[in-house]
Amino acid sequence: MSSISNGSGPELEKFPDAPPSIEVTAPEETPHAGLRSLDHYKRKLPQWRYNLRQSILPLVRWETPYLAWMQDKMRSPTLDTYFAITANLGTHTFFMVVLPILFWCGHTALGRGMVHILASGVFWTGFIKDMTSLPRPLSPPLHRITMSGSAALEYGFPSTHSANAVSVAVYALFALHSPECKLQYSTRLILEVVSYSYAVSIVLGRLYCGMHGFLDVIVGSIIGALISIVECVYTDDIDRFMYTSTWAAPTMVALVIIVLIRIHPEPADDCPCFDDSVAFAGVMIGVEIGAWHYASSGWSWKHPVPGTVPFDLAHMGWVKTIVRVLLGVLVIFAWREVMKPTLLKVLPHLFRVIEKYGFILPRKFFMPASEYKKIPARLKVDNVMPSVSDLPGLLTSIRHPGRGRSVSVGPQSAADAYETLAYREKRRRDSLTNNELESAIGSPRSTSTSSTKRDYFTTGNADKDGAVSQVSGISASIGAANTGSLPTPAQSRVGTYEQMMGQGHVTISPATPNEDDNDDNDNAEIFIGQQNELEEKEMFSRLEKPRVRYDVEVVTKLVVYTGIAWLAVEMNPIIFEVLGLGMGDAGPFH
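As annotated in an unreviewed UniProt entry, the chain is Sphingosine-1-phosphate phosphohydrolase-like protein from Hyaloscypha hepaticicola. Quoted verbatim from the Subcellular location (unreviewed entry) field of UniProt, the annotation for the chain is "Endoplasmic reticulum membrane". Taken verbatim from the UniProt record of the chain, the Sequence similarities (unreviewed entry) comment is "Belongs to the type 2 lipid phosphate phosphatase family."

As structure tokens, this is what we get:
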């Protein structure tokens, strides 16, 4: 049995003896590929969102050749590896591993503040990404360098990495300059330099790796800075509201977060932004409920903030500290490994009953429980936190940090493919318009000048309608600024990059020249190089097939990550005290 969407979305096939799979196909009945791709977002988005998208899209297209020029000037194997690795320091997985340790080591105020800024950054950047549905800068001409296969499947505007990095840096700078900071001047200066370097490295890395444009990182950085400023300025008021009130305060916070999840915009394409937003929304709920309850118990310290986990390295020693961290991580992984399959097995039955009464509010790209019988046992629900089965690969990437790097050129997601086709249509229309203007003018001087510009900027490839691959925009502005003279080498290079936009073909080869020709084959990287322009159906067939997403995954993710946060801030600290891994005689009960 198969369920096919109206020609614009994924085609879903279901087999009786195998888990369902999704195949992305292109529409078949529109006369011209370019018109088809242009119409996709007009049909999928409300009018106001479509208008907003169309007003920002020209900026994304305009900056792409300049990004490619910058990337080409900076590229080297060393920088490829450096920026691909450091990008992991801005990922959700990195923060999900680090944040619980802050709580267990007594840095409760820091951990709580980091949860607030990171969860808010992930949620609101994901909210804007799905609302605007803007693509990443086109590839080609950009080369995308990444260690995460799922990152390129998201929309590009704004950059979540940049929001996370800048919010952490701004929060750290506020903390270093606060009156409570007792660090020596030299130590504070070093940490300031580290904070600035961290933010600059992540933001510059997103540009270097071809994953984002200038607009993406600027807006992402502004969002991150604003979130941290609000957190730092109002943190005392937030704590006073949360920890001096009854259960109504954490309940209200949880309800507000659930409402925000419900109104999260529907994307035009199958984008995983919503999944990350749900995961961090669950973390926020778990932290607020767990911290409120832990602060009102007798297990916590009241200073420096309510709900502080008792900890003193000098009293406990390194051995006990390491053991409690390992135990805490083990408890969190055990919770995830038990609860995720349990919920995925139980919830579909409940959802089918609720669906009969019409209470389920369906979401795009999520299959309702009435359309499937069971969910595959080892379903990878998210990319936020690794499962136990992912640990060997994670350890391998730590031992060989450059091995997981991949460099690709070409469409990697449905958004990439639609933008490639839309830009190709724009190029075709601009070329036809230019030809009509030249024919209308008909003067020898105009013909000679336009011919010179075409010969200088074009690569000799014509599209299927016979129109030369030349676009208005950068090429046109270069020509206007240099009428009667040849463009500068830099202008010529930028114009060449613009002509690459809207093309691409999949191949496999080393991504960048190796500094050591004797490297083994394990370091080979995926490369999708430019060849001939792909037709729409072939382009979509080459994309990575998105997996089937089930309606129960949203609730599953919310419960699992709420539980992870609750364990981190309340249950694990209590377990440490019970097992003798806490402060002992110096603990809260003594």
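Peer 1: Before we go on, may I ask you to explain the overall build of the chain in this structure?
Peer 2: The number of helices and strands found in the chain is 19 helices and seven strands. Looking at the chain residue by residue over its 590 residues, the buried ones come to 51%. Look at the contacts in the chain between residues 6 or more apart in sequence, and 81% of them connect residues 24 or more apart. Within the structure as shown, the chain displays about 27500 Å² of accessible surface, and the carbon and sulfur contribution to it stands at 64%.

Peer 1: Please explain the environment of D130 as it appears in this structure.
Peer 2: If you trace the backbone, D130 turns up in helix α5 (residues 108–132). Linking D130 and Y155, residues 25 residues apart in sequence, is a C-alpha distance of 7.3 Å. Leave out the neighbours within four places in its chain, and D130 touches R49, Y155, H264, P265, E266, P267, C271, C273, F274 and R363.

Peer 1: What is the right way to read the packing of aromatic side chains from this model?
Peer 2: Any two aromatic rings considered together are summarised by their centre-to-centre distance and by the angle between their planes. Within this structure, the stated rule accounts for 10 aromatic pairs. Linked through ring pairs, Y82, F83 and Y208 together constitute an aromatic cluster. Sitting over the ring of Y41, R53 keeps its end group 3.7 Å from the ring centre. Cation over ring: R352 sits above Y372, and NZ or CZ is 5.6 Å from the ring centre.

Peer 1: Any chance you could explain the nonpolar core here in plain terms?
Peer 2: Across soluble globular proteins, nonpolar side chains show a tendency to be buried alongside one another. By size, the foremost hydrophobic cluster in this structure holds 58 residues, and its most contacted members are M114, L118, I261 and V552. Counting residues in hydrophobic clusters, the runner-up holds 12 residues, among them A68, L142, V166 and A225.

Peer 1: I'm lost on helix α3 (residues 77–86) in this one. Help?
Peer 2: One turn of an α-helix holds 3.6 residues; hence residues three or four places apart share an orientation. Those residues of α3 that sit buried are P77, D80, F83, A84 and T86. Buried positions along α3 lie against β4 (144–146), α7 (185–208) and β6 (406–408).

Peer 1: Any chance you could explain the confidence of the model for the chain here in plain terms?
Peer 2: Atomic detail in the predicted coordinates should be set aside for any region of low pLDDT. When pLDDT is averaged across the chain, the result is 75; 69% of the residues are at 70 or more. Low confidence marks residues 443–486, where pLDDT is under 50. Its contacts with residues over four positions away, or in another chain, come to 66 contacts.

Peer 1: Explanation requested: the pattern of salt bridges in the structure shown.
Peer 2: One side chain can pair with another of opposite charge once the charged atoms of both are near each other. If you walk through the whole model with that rule in mind, you get nine salt bridges. A salt bridge links E419 to R61; the nearest nitrogen and oxygen atoms lie 2.8 Å apart. One end of the pair, E419, is in helix α14 (residues 414–441); the other, R61, is in helix α2 (residues 47–74), and 358 residues separate them in sequence. When its relative accessible area of 16% is taken as the criterion, R61 is described as buried. Across the pair D270 and R549 runs a salt bridge whose closest N-O atoms are separated by 2.3 Å. Taken together, the residues D270 in the loop between α9 (248–262) and α10 (273–295) and R549 in strand β7 (residues 549–550) connect sequence positions 279 residues apart.

Peer 1: For this particular structure, what's the right way to read the UniProt feature "transmembrane region" (unreviewed entry) in the chain?
Peer 2: Residues annotated by UniProt as "transmembrane region" (unreviewed entry) correspond here to residues 82–103, 109–128, 207–229, 241–261, 273–295 and 315–335. Summarising residues 109–128: 100% helix, 0% strand, and an end-to-end C-alpha distance of 29 Å.

Peer 1: So what exactly am I meant to see when it comes to the packing of α5 against helix α8 (residues 214–243) here?
Peer 2: Angle between the axes and distance between the axes are the two parameters that describe a pair of packed helices. One way to put it is that α5 packs onto α8 with a least axis distance of 9 Å and a crossing angle of 130°. Taken together, the axis directions place α5 and α8 in an arrangement best described as oblique. The handedness of the crossing between α5 and α8 is right-handed. Taking contact as the criterion, the partners of R112, G113, H116, I117, S120, G121, T125 and I128 in α5 are, on α8, I223, I227, S228, E231, D239 and Y243. In terms of residue class, the contact of α5 with α8 is built from five nonpolar, six polar and three charged.

Peer 1: Would you take a moment to explain the packing of α5 against helix α6 (residues 160–176) for this structure?
Peer 2: Taken N-terminus to C-terminus, the directions of α5 and α6 make an angle of 150°; their axes are 9 Å apart at the nearest point. Comparing the axis directions of α5 and α6 gives the class roughly antiparallel. In the packing of α5 onto α6, the handedness of the crossing is right-handed. Across the interface between the two elements, A109, L110, G113, M114, I117, L118, V122, T125 and K129 from α5 touch T160, A163, N164, S167, V168 and Y171 from α6. Here the residues of the contact of α5 with α6 are counted per class, giving nine nonpolar, five polar and one charged.

Peer 1: I keep staring at the side chain of E288 and nothing clicks. Help me out?
Peer 2: You can see E288 is positioned in helix α10. One buried charged side chain, E288, makes no salt bridge at all; its nearest oppositely charged neighbour is R112, positioned 6.1 Å away.

Peer 1: It is not clear to me how α2 should be interpreted in this structure. Could you clarify?
Peer 2: Between the first and last C-alpha of α2 there are 40 Å, a value that for 28 residues agrees with the 40 Å anticipated at 1.5 Å per step. In the structure, α2 departs most strongly from a straight axis at T64, where the bend amounts to approximately 30° and where the proline P65 lies between one and four residues downstream.

Peer 1: Could you clarify how one ought to interpret the side chain of R61 in this entry?
Peer 2: Of the polar contacts made by the side chain of R61, one reaches the side chain of E419; its length is 2.8 Å. Not counting the four nearest positions on each side in its chain, R61 is found in contact with E419, A422, Y423, K426 and M501.

Peer 1: Just checking my understanding: could you explain unusual backbone geometry for this structure?
Peer 2: With glycine set apart, most residues show a phi of negative sign, and most peptide bonds adopt trans. Cis rather than trans, the peptide bond between F157 and P158 has omega equal to -5°. Mapped onto the elements of the fold, P158 is located in the loop between β4 and α6. At S133, a position not held by glycine, the phi torsion is positive, near 50°. Secondary-structure assignment places S133 in the loop between α5 and β4. Owing to a relative accessible area of 0%, S133 belongs among the buried residues under this scheme. Here F365, not a glycine, exhibits a phi torsion of approximately 70°, which is positive. Note that F365 resides in the loop between α12 (318–356) and β5 (366–367).

Basis of the calculations
- Residues numbered from 1 in each chain as written.
- Predicted model: local features only at pLDDT ≥ 70, side-chain atom pairs only at ≥ 80, totals over all residues.
- Heavy atoms only, no water.
- UniProt positions renumbered as here; feature names shortened; annotations may be inferred.
- Helix = DSSP H or I, 4+ residues; strand = E, 2+ residues; numbered from the N terminus.
- Buried < 20%, exposed > 50% of the residue type's maximum accessible area, 1.4 Å probe, protein only.
- Contact = heavy atoms within 4.5 Å.
- Areas by Shrake-Rupley, 256 points an atom, 1.4 Å probe, with all protein chains shown as cover.
- Phe/Tyr/Trp six-rings, centres within 6.5 Å; stacked < 30°, edge-to-face > 60°.
- Lys NZ or Arg CZ within 6 Å of the ring centre and 35° of its normal.
- Core = buried A, V, L, I, M, F, W, Y, C linked by side-chain atoms within 4.5 Å.
- pLDDT = per-residue confidence, 0-100.
- Salt bridge = Lys/Arg side-chain N within 4 Å of Asp/Glu carboxyl O.
- Axes fitted to C-alpha atoms, helices over the stretch in contact; angles between N-to-C directions.
- Parallel < 35°, antiparallel > 145°, perpendicular 65-115°, else oblique.
- Left-handed = near helix turned anticlockwise from the far one by under 90°.
- Nonpolar A, V, L, I, M, F, W, Y, C, P; charged D, E, K, R; others polar.
- Lys, Arg positive; Asp, Glu negative; His and termini not counted.
- Expected span 1.5 Å × (residues − 1).
- Bend = angle between axes of the 7 residues up to and from the residue.
- Polar contact = N/O pair within 3.5 Å; in protein donor to acceptor, adjacent residues only side chain to side chain.

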